[in-house]
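# Architecture at a glance
Listed below, chain by chain, are the residues.
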Amino acid sequence: MDFGYTQDQEELRQEVRAFIDGNVSQGLLDEMEGGEEGGRGPEYRELVQKVADKGWIGISWPKEYGGQSGSRIDQYIVEEEFMRRGIAVGGAGSGAPAILAAGTEEQKEYFIPGMIRGEIIFALGFTEPQAGADLAGLQCRAVRDGDDFVVNGQKMYTSAAHYASHIYMMCRTDPDAPRHRGISIFLIPMDTPGITVRPLWTIQSDPPAPMGTTYGMVRTNETFFENVRIPASCMLGEENGGWYVGAMGLNLDRVGASRYLISVRRDEDIVNWVKENDFAGNSPADNPAVRDKLAELWTEAQVCRLMTMRSMSLVNRGDTFTYEGSAEKVWAPEHGVKTTEAISQILGPYAQLLRGSEEAIEDGLYAHNLMGSFQSGINHGSVQIMRDQMARRGLGMPRG
Ligand SMILES: Cc1cc2nc3c(=O)[nH]c(=O)nc-3n(C[C@H](O)[C@H](O)[C@H](O)COP(=O)(O)OP(=O)(O)OC[C@H]3O[C@@H](n4cnc5c(N)ncnc54)[C@H](O)[C@@H]3O)c2cc1C
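Residues numbered from 1 in each chain as written. Predicted model: local features only at pLDDT ≥ 70, side-chain atom pairs only at ≥ 80, totals over all residues. Heavy atoms only, no water.

### A look at the overall build of the protein chain
When helices and strands are tallied, the protein chain shows 12 helices and 8 strands. What you see for the protein chain is a C-alpha radius of gyration of 21 Å, in line with the 21 Å of a compact globule of 400 residues. Taking contacts inside the protein chain between residues at least 6 apart in sequence as the whole, the part at least 24 apart equals 71%. Here the protein chain has roughly 18,500 Å² of accessible surface; of this, 50% comes from carbon and sulfur atoms. (Helix = DSSP H or I, 4+ residues; strand = E, 2+ residues; numbered from the N terminus. Rg over C-alpha atoms; globule rule 2.2 N^0.38 Å. Contact = heavy atoms within 4.5 Å. Areas by Shrake-Rupley, 256 points an atom, 1.4 Å probe, with all protein chains shown as cover.)

### Describing the side chain of Arg-172
By secondary structure assignment, the location of Arg-172 is in strand β4 (residues 166-172). Comment: no salt bridge for buried Arg-172; closest opposite-charge side chain is Asp-174, at 7.4 Å. Of the polar contacts made by the side chain of Arg-172, one reaches the backbone oxygen of Leu-138; its length is 2.9 Å. Non-local contacts of Arg-172, meaning those with residues more than four positions away in its chain, are made with Ala-136, Gly-137, Leu-138, Cys-140, Arg-141, Ala-142, Arg-179, Gly-182 and Ile-183. (Buried < 20%, exposed > 50% of the residue type's maximum accessible area, 1.4 Å probe, protein only. Lys, Arg positive; Asp, Glu negative; His and termini not counted. Salt bridge = Lys/Arg side-chain N within 4 Å of Asp/Glu carboxyl O. Polar contact = N/O pair within 3.5 Å; in protein donor to acceptor, adjacent residues only side chain to side chain.)

### Quick notes on the domain arrangement of the protein chain
Looking at the assigned domains, one finds that the protein chain contains domain 1 (7-92), domain 2 (122-240) and domain 3 (254-394). Spacing between the C-alpha centres of domain 2 and domain 3 amounts to 29 Å. Both sides of the domain 2 and domain 3 interface together cover about 1,300 Å² of buried area, and 61% of this is carbon and sulfur. Ranking the residues of domain 2 by area buried against domain 3 places Pro-210, Thr-214 and Tyr-215 at the top, with a combined share of 42%. Taken together, the links from domain 2 to domain 3 amount to 0 salt bridges. In this assembly, domain 2 and domain 3 are joined by 6 residue pairs in polar contact (both at pLDDT 80 or more). For the side of domain 2 that touches domain 3, the class distribution of residues is 9 nonpolar, 4 polar and no charged. (Domains from an automatic or database assignment. Buried area = accessible area lost by both parts, 1.4 Å probe. Nonpolar A, V, L, I, M, F, W, Y, C, P; charged D, E, K, R; others polar.)

### Description of the site of the ligand
Around the ligand sit 17 residues in total, of which Thr-127, Tyr-157, Ser-159, Ser-382 and Gln-384 are the nearest. Within the contact set of the ligand, a nitrogen atom lies 2.7 Å away from a side-chain nitrogen or oxygen of Thr-127. Within the backbone of Ala-133, a nitrogen or oxygen atom sits 2.8 Å from an oxygen atom of the ligand. Here the shell around the ligand spans two domains, and each of domain 2 (122-240) and domain 3 (254-394) adds at least three residues to it. (Near = heavy atom within 4 Å.)

### Concerning the packing of helix α4 (residues 72-84) against helix α8 (residues 257-276)
In contact at an axis separation of 10 Å, α4 and α8 are set at 45° when each is read in the N-to-C sense. Considering their axes alone, α4 and α8 lie oblique with respect to each other. α4 and α8 meet at a crossing whose hand is right-handed. Only Ala-257, Ser-258, Tyr-260, Leu-261, Arg-265 and Glu-268 of α8 make contact with α4, whose side of the interface consists of Tyr-76, Glu-79, Glu-80, Met-83 and Arg-84. Of the residues that constitute the contact of α4 with α8, the class distribution is 5 nonpolar, 1 polar and 5 charged. (Axes fitted to C-alpha atoms, helices over the stretch in contact; angles between N-to-C directions. Parallel < 35°, antiparallel > 145°, perpendicular 65-115°, else oblique. Left-handed = near helix turned anticlockwise from the far one by under 90°.)

### Here's the deal with the environment of Tyr-350
Among the structural elements, Tyr-350 can be located in the loop between α10 (324-347) and α11 (365-376). Judged by its relative accessible area of 44%, Tyr-350 is partly exposed. With 16 residues separating them along the chain, Tyr-350 and Tyr-366 place their C-alpha atoms 9.4 Å apart. The contacts of Tyr-350, once residues within four sequence positions are left out, are Glu-359, Ala-360 and Ile-361.

### Digging into the pairing of strand β2 (residues 141-145)
Two faces, one strand: in a regular strand the side chains alternate between the faces of the sheet. Where β2 lies against strand β3 (residues 148-156), 5 bridges are found, and the strand directions are antiparallel. Among the inter-strand pairings, Ala-142 is bridged to a residue of β3, identified as Val-151. The turn joining β2 and β3, which pair antiparallel and follow one another in sequence, is formed by 2 residues; a positive phi near 65° is taken by Gly-146. (Pairing = 2+ DSSP bridges.)

### Let's talk about the pattern of salt bridges
Oppositely charged side chains may form a pair once their charged atoms are brought near each other. Throughout the structure, instances matching the rule amount to 24 salt bridges. Across the pair Arg-117 and Glu-119 runs a salt bridge whose closest N-O atoms are separated by 3.0 Å. When its relative accessible area of 38% is taken as the criterion, Arg-117 is described as partly exposed. Classification of Glu-119 as partly exposed rests on a relative accessible area of 48%. Note that Asp-148 is salt-bridged to Arg-229, the shortest N-O span being 3.0 Å. With Asp-148 in strand β3 and Arg-229 in strand β7 (residues 219-231), this residue pair connects regions lying 81 residues apart in the sequence. Taken together, the salt bridges that share partners define one network made up of Arg-13, Arg-17, Glu-80, Glu-81, Arg-84 and Glu-268.

### Overview of the packing of α10 against α11
Closest axis-to-axis distance for the α10/α11 pair is 9 Å, and the angle between their directions is 155°. Here α10 is positioned roughly antiparallel relative to α11, judged by the angle of their axes. Handedness of the α10/α11 crossing: left-handed. Side by side, α10 and α11 meet where Lys-329, Pro-333, Gly-336, Val-337, Thr-340, Glu-341, Ile-343, Ser-344 and Leu-347 of the first sit next to Tyr-366, Asn-369, Leu-370, Ser-373, Phe-374 and Ser-376 of the second. Its residues assigned to classes, the contact of α10 with α11 comprises 7 nonpolar, 6 polar and 2 charged.

Put into structure tokens, the structure is as follows:
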């Protein structure tokens, strides 16, 4: 087995790096950090258009919908290089895998090219005030009325809702069916009358986390639906079959660079820091305890890398992908917590000062990373629920 990249893939990586050096300006980074539109202002949109023109968004998506029908590894390489600079451009986390797997021809032709052009951005509307880890308890209702559905209810933590063009949401369509079987998914334009978005400011908002922080989002939202009338054609997949489409989509959306980098970037940060800095002539890089700890964390990060590669290999081959994404979703955030805690111990109290404090190290990056690492164990499916999925789908154990 060869764990390396091919010559072509290495060349693609160099090309992407050179493109980023030539096209990511300080103005863009400032816009992304402070932007009202979740960092997706005019400069960001211009960048996405250029990346799309290179054919780098959704490389693995089918040609007939604007993709390249290319390799998932190539797509990963592009995502990884951009994410290392703190910039997300298409690919994983977009909702595309679910639409490609369960959408009608019309939905694929409309949504996938729109996502590639950066014109369609989805907010994820799954969680509700009483349905987070226990998602199947969701109560937001969609009631059929002729050729339409009428949606009423509330969603929580709809992170991108203040700038998204659409929301990809789960609603209860049959309250009398067993919990998992009465749910459908809808793709709803955010400008539909009756939708209200209110901000929820996160722990990273005051002071705002620096770019590149683990889970540094300063804002998420709660979104309210009041008699929102939508055509039945907004439904993704079969009526009352939404649970399975949603689970499959979430699982596939976990595959990619972001999960792997949550942990690996933090290891790289601390290794680079101890190599380049010292405390009054004492370099932490010379301390055996520090060296030992960093070697341990680095080794664990490589396990995360292998898990990501395995997931991509399965997806690339079209093999069944069930519990593997959940395993990654446990390993990477928990490793992130371990790493950020270790950094805090190695660098001492100054690493706990937030951005804006005169004595903060790296403008508070490490303190914000520590807070963000705990969030990443909860969002997109908490680690406890992921463990349960691994037990059931991976080990064949009964539902707990
Ligand atoms: C910053 C942020 C952004 C988010 N963005 C989005 C988004 O865009 N769209 C969206 O739909 N959701 C989003 N979420 C929601 C996220 O998916 C939920 O927070 C998560 O599913 C947990 O749900 P909860 O917060 O209601 O916690 P709860 O369900 O109340 O759970 C609290 C804790 O108890 C544990 N727990 C609960 N039940 C069990 C059990 N049976 N066994 C073991 N442990 C259990 C959980 O693992 C968790 O640690 C976001 C969350 C955060 C923090």
